[in-house]
Amino acid sequence: MVEGVILADNLDVLRRLPSACLDLVYIDPPFGTRQVRRLDAIRTGAGEKARNGFAGRRYPFEVVSSHHYSDEMGLDEYLGFLHERLAEIHRALSPVGSLYLHLDFHAAHYGRLLLDELFGPDRFLNEVIWAYDYGGRARDRWPRKHDNILWYSKSARWTFNTEDIDRIPYMAPGLVGPEKTALGKLPTDTWWLTIVPTSGAERTGYPTQKPLKLLERIIRASSNPRDLVADFFCGSGTTGWQRSGWAGVTFWWTTTPRPSA
Ligand SMILES: C[S@@+](CC[C@H](N)C(=O)[O-])C[C@H]1O[C@@H](n2cnc3c(N)ncnc32)[C@H](O)[C@@H]1O
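Criteria and thresholds
Residues numbered from 1 in each chain as written. Predicted model: local features only at pLDDT ≥ 70, side-chain atom pairs only at ≥ 80, totals over all residues. Helix = DSSP H or I, 4+ residues; strand = E, 2+ residues; numbered from the N terminus. Rg over C-alpha atoms; globule rule 2.2 N^0.38 Å. Buried ≥ 20, exposed ≤ 12 C-beta atoms within 10 Å, placed from the backbone. Contact = placed C-beta atoms within 7 Å. Near = placed C-beta within 6 Å. Nonpolar A, V, L, I, M, F, W, Y, C, P; charged D, E, K, R; others polar. Expected span 1.5 Å × (residues − 1). Arc of directions from axis to C-beta. Pairing = 2+ DSSP bridges.

J.: Mind showing me how you'd approach the overall build of the protein here?
T.: A tally of regular secondary structure across the protein gives 6 helices and 10 strands. What you see for the protein is a C-alpha radius of gyration of 20 Å, in line with the 18 Å of a compact globule of 261 residues. A buried classification covers 29% of the 261 residues belonging to the protein. Taking as baseline every contact in the protein between residues at least 6 positions apart, the subset at least 24 positions apart corresponds to 69%.

J.: What exactly am I supposed to notice about the site of the ligand here?
T.: Taken together, 18 residues lie near the ligand, and Tyr69, Phe233, Gly235, Ser236 and Thr238 sit nearest. Taken together, the residues that form the shell around the ligand break down as 6 nonpolar, 9 polar and 3 charged.

J.: It is not clear to me how helix H3 (residues 108-119) should be interpreted in this structure. Could you clarify?
T.: Residues spaced three or four apart along an α-helix point in a common direction, a consequence of the helix completing one turn every 3.6 residues. The terminal C-alpha atoms of H3 lie 16 Å apart, and with 12 residues this matches the ideal 16 Å at 1.5 Å per residue to within 8%. Within the span of H3, buried status applies to Ala108, Gly111, Leu115 and Phe119. Within H3, the buried residues cover an arc of 50 degrees as seen down the axis, which keeps them to one side. In H3, those exposed residues whose orientation departs by more than 90 degrees from the buried face are His109, Leu113 and Glu117. Once H3 finishes, glycine 120 follows within two positions and takes phi at roughly 100 degrees, a positive value.

J.: What should I look at first to understand helix H2 (residues 75-92) in this one?
T.: Here H2 spans 26 Å end to end across 18 residues, near enough to the 26 Å set by a 1.5 Å rise per residue. Regarding H2, the residues found buried are Tyr78, Leu82, Arg85, Leu86, Glu88, Ile89 and Ala92. On an axial view of H2, the arc spanned by its buried residues comes to 160 degrees, and they lie on one face. Exposed residues lying more than 90 degrees from the buried face of H2 are Asp76 and Gly80. Its buried side turned inward, H2 meets helix H1 (10-16), strand E2 (22-27), strand E5 (93-103) and H3.

J.: Any chance you could explain the pairing of strand E4 (residues 58-71) here in plain terms?
T.: Every regular strand shows the same layout, with side chains that alternate between the two sheet faces. Relative to E4, strand E3 (residues 35-52) runs antiparallel, the two being bridged by 14 bridges. Its bridge partner being in E4, arginine 51 is matched across the sheet by tyrosine 59. Taking the residues between adjacent antiparallel strands as the criterion, E3 and E4 are bridged by 5 residues, where alanine 55 takes a positive phi near 60 degrees.

J.: Looking at this structure, how should I read the environment of serine 94?
T.: Summarising the element assignment, serine 94 is placed in strand E5. Note: C-alpha distance between serine 94 and cysteine 21 (73 residues apart in sequence) is 5.5 Å. Setting aside residues no more than four positions away along its own chain, serine 94 makes contact with Ala20, Cys21, Leu22, Asp23 and Lys154.

Now the structure itself:
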């Protein structure tokens, strides 16, 4: 159930929230890349622009949608931006609530320090590595193919529904027998999940869109029916659209205005 979308700067919204009202927060803020994150969806076969294709052939194309958001802050400004939002999120989390902060190599190490300061190092539950395998591979280093999701709890108690987590195949099913093989095993803190497929139904054309499966796993594990779940950087709205069948979960998230196509 989607409760609502608030179109606003999330800091204004966060400051108005009562303390201890949120049961789960997932945020996927700008990563501190110092770039504009843009995604153009194109249709080939017609249009005034042209791109190179196989065997040097040129293909005409037209841009059918274009979305972007700014991720251009310098480091100090970026850390200040994150800090004041994370402080409000900490205040707004319920005693059994938890926060998943989604970053990558650009700022995951800063995120850990900020959360240690605000939540306390003892409230660090884990760092989930979302591993994917997509796109080109660097030739001068190990290719960077994972994001970091820092998970902190508000207190020493937190929601974690082991029974509701989707299971994954055993790597060596021959060693565990047919019953366990059929059931699968619980994922660890390294999640191999594909990025949103280029031609998949869940594709919205929004840059840095996260897969529904990722949010489904987080929401099922870390919230209960009728909990209040918030995503303050919703982008294309993945958190609100995850289709876990988790009836009763309420979503509440904010975004900056979508640029027009
Ligand atoms: C990494 S994207 C989120 C992508 C999203 N998880 C998805 O799956 O589509 C970050 C989003 O946060 C938004 N954003 C940045 N600053 C914001 C702010 N102060 N308040 C609300 N949203 C903000 C950006 O416009 C962008 O849509």
